[in-house]
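Letter by letter, the chains look like this.
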Amino acid sequence: MTIDNIRTPEDILQFMKENIKYGWLDSTGEKHIGNMKGFRRLYRTMSLEEIIEYGMGICIEQVYLMKLLLDKINIPSKMFCTRIYEDN
């Protein structure tokens, strides 16, 4: 499944399952798949192009990509972000 083939919400879910892993690209360019070590210090958001190129994203990037894909098939949607602040 490619982005060009997406026509339904089910296609979006299939695309995400097949192509996007839970991971992040740090500020030095290192990829982290399934590893959150150094996240608070090194995390940066990725562009849509980077999400697709590297095939990964944390919740923020995955929601961003899904919003783009829903827009592509003309399904209205909104993005929300909740941040929990912790001591330290």
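Before reading on, note that the structure itself is shown above.
Since the model is a prediction, treat every value here as computed from it, not as a measurement. (Residues numbered from 1 in each chain as written. Predicted model: local features only at pLDDT ≥ 70, side-chain atom pairs only at ≥ 80, totals over all residues. Heavy atoms only, no water.)

Draft legend 1. Examining the overall build of the protein more closely. Within the protein one finds four helices and three strands. In terms of its C-alpha atoms, the protein occupies a principal-axis envelope of roughly 45 × 25 × 20 Å. Of all 88 residues assigned to the protein, the portion counted as buried reaches 31%. Across the protein, every contact between residues at least 6 apart in sequence was considered, and the portion connecting residues at least 24 apart equals 45%. Approximately 6500 Å² of the protein is accessible, and the part contributed by carbon and sulfur atoms is 53%. Charge centroids of the protein, computed over 12 positive and 13 negative side chains, lie 3 Å from each other. (Helix = DSSP H or I, 4+ residues; strand = E, 2+ residues; numbered from the N terminus. Buried < 20%, exposed > 50% of the residue type's maximum accessible area, 1.4 Å probe, protein only. Contact = heavy atoms within 4.5 Å. Areas by Shrake-Rupley, 256 points an atom, 1.4 Å probe, with all protein chains shown as cover. Lys, Arg positive; Asp, Glu negative; His and termini not counted. Charge placed at Lys NZ, Arg CZ, Asp CG, Glu CD.)

Draft legend 2. Spotlight on a nonpolar patch on the surface. A contiguous nonpolar patch, built from Val63, Tyr64 and Met79 and spanning about 260 Å² of accessible area, is present on the exposed surface. As for its placement among the helices and strands, Tyr64 is situated in helix H4 (residues 59–72). (Patch = residues over 30% accessible without salt bridge, like charges linked within 9 Å, V, L, I, M, F, W, Y side chains within 5 Å. Salt bridge = Lys/Arg side-chain N within 4 Å of Asp/Glu carboxyl O.)

Draft legend 3. Spatial organisation of the layout of surface pockets. Computed from the structure, the largest pocket encloses a volume of approximately 400 Å³. For the largest pocket, the lining is made up of 15 residues, of which Ile58, Cys59, Ile60, Cys81 and Thr82 are closest to its centre. Broken down by element, the lining of the largest pocket gets its largest block of residues, three residues, from H4. For the lining of the largest pocket, a count of residues per class yields 11 nonpolar, one polar and three charged. (1 Å grid on protein atoms, 1.4 Å probe; cavity = no way out; pocket = protein on both sides within 12 Å on 5 of 7 lines; lining within 4 Å. Points joined across faces, edges and corners; volume = space filled by probe spheres on them. Nonpolar A, V, L, I, M, F, W, Y, C, P; charged D, E, K, R; others polar.)

Nothing here speaks to function; it is all geometry.
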